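Residues per chain are reported as follows:
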Amino acid sequence: MAKEKFITLKSTAVPLPVENIDTDQIIPARFLKATTREGFGENLFRDWRYDNSGKPNSEFTLNNINYSGKILVAGKNFGCGSSREHAAWALYDYGFRVVISSFFADIFKNNALNNALLPIQVSETFLKKLFTTIESNSSSQLEVKLEQQTITLPDGSSEKFEINAYKKTCMINGYDDIDYLLSLRKEIEEFEADKALA
């Protein structure tokens, strides 16, 4: 299923300075019964957002009214643990379009890219600067430019990030794998026609 196009995103961010956040913390296993991608956002970080009685945990960042936005800035080794694709679904359904960390688990990173969620890996130094910037001013706007592969802070400092060229093309155009193949229909038909004449 094709998603919205991603070219440039300018948004405030939510800080989550915790390392080794695994997929069971992102979306607990007991909420994996649904097979569609919608509705997982309400249980994102469920065991951290709510106490045992179901009341919001006021100390958790997603319940802090000072923080909002489409960018989640997390500690090192985000998305480790099991390979559940639901973790990416939950983050996207909640409203995040970008997750920034200094390291991502490979399977989570691929699941995110397959679901129009951009995982941006930055240096430890830049990650610390991001946390400092957001925590000192929660209204700070970060700017992500996918075509240039840069993330820029309000003070003008920026860092480039890496992304698979194919996934970059898909995100910029709002393609999933099927959409990408369909976009090449003309080239494929021309190739087949030339092959038939050979």
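Residues numbered from 1 in each chain as written. Predicted model: local features only at pLDDT ≥ 70, side-chain atom pairs only at ≥ 80, totals over all residues. Heavy atoms only, no water.

Draft legend 1. Here's a closer look at the pattern of salt bridges. For the structure on display, the rule yields 5 salt bridges. Of the charged contacts in the structure, one is a salt bridge between Glu 4 and Arg 97, with a shortest N-O distance of 3.1 Å. Taken together, the residues Glu 4 in the segment before β1 (8-11) and Arg 97 in the loop between α3 (86-94) and β4 (98-101) connect sequence positions 93 residues apart. Overall, the relative accessible area of 43% leaves Glu 4 in the partly exposed class. (Salt bridge = Lys/Arg side-chain N within 4 Å of Asp/Glu carboxyl O. Helix = DSSP H or I, 4+ residues; strand = E, 2+ residues; numbered from the N terminus. Buried < 20%, exposed > 50% of the residue type's maximum accessible area, 1.4 Å probe, protein only.)

Draft legend 2. Inspection of the sheet that holds strand β2 (residues 13-16) at higher detail. Read from one edge to the other, the open sheet built from 4 strands follows the order β2-β3-β4-β5, with strand pairing classed as parallel. The sheet terminates laterally at β2 and β5 (118-121), the two strands that pair on one side only. When strand polarity is set aside, the average angle formed by the axes of neighbouring strands in this sheet is 20°. Pairing analysis gives 4 bridges linking β2 to strand β3 (residues 71-74), with the strands arranged parallel. Bridging across to β3, Leu 16 finds its partner in Ala 74. (Pairing = 2+ DSSP bridges. Axes fitted to C-alpha atoms, helices over the stretch in contact; angles between N-to-C directions.)

Draft legend 3. Region of the structure containing the packing of α3 against helix α4 (residues 106-114). One can describe the packing of α3 onto α4 by two numbers: an axis separation of 8 Å at closest approach and a directional angle of 50°. On the basis of their axis angle, the class for α3 and α4 is oblique. The handedness of the crossing between α3 and α4 comes out as right-handed. Every residue of α4 that contacts α3 at Ala 87, Ala 88 and Leu 91 is listed here: Phe 108, Asn 111 and Ala 112. Classifying every residue of the contact of α3 with α4 by side-chain character gives 5 nonpolar, 1 polar and no charged. (Parallel < 35°, antiparallel > 145°, perpendicular 65-115°, else oblique. Left-handed = near helix turned anticlockwise from the far one by under 90°. Contact = heavy atoms within 4.5 Å. Nonpolar A, V, L, I, M, F, W, Y, C, P; charged D, E, K, R; others polar.)

Draft legend 4. Molecular detail of the packing of aromatic side chains. Throughout the structure, instances matching the rule amount to 8 aromatic pairs. Arranged with centres 5.3 Å apart and planes meeting at 25°, the rings of Tyr 94 and Phe 96 form a pair that is stacked. You can call Tyr 94 partly exposed: its relative accessible area is 34%. Looking at Phe 96, the relative accessible area reads 0%, which means it is buried. By way of ring pairs, the aromatic residues Phe 45, Trp 48 and Phe 60 are connected into one cluster. Sitting above the plane of the Tyr 50 ring, Arg 46 keeps its charged end 4.4 Å from the centroid. It is Arg 97 that lies over the ring of Tyr 92; its NZ or CZ is 3.6 Å from the centre. (Phe/Tyr/Trp six-rings, centres within 6.5 Å; stacked < 30°, edge-to-face > 60°. Lys NZ or Arg CZ within 6 Å of the ring centre and 35° of its normal.)

So far we have only geometry, and geometry alone does not tell us how the molecule works.
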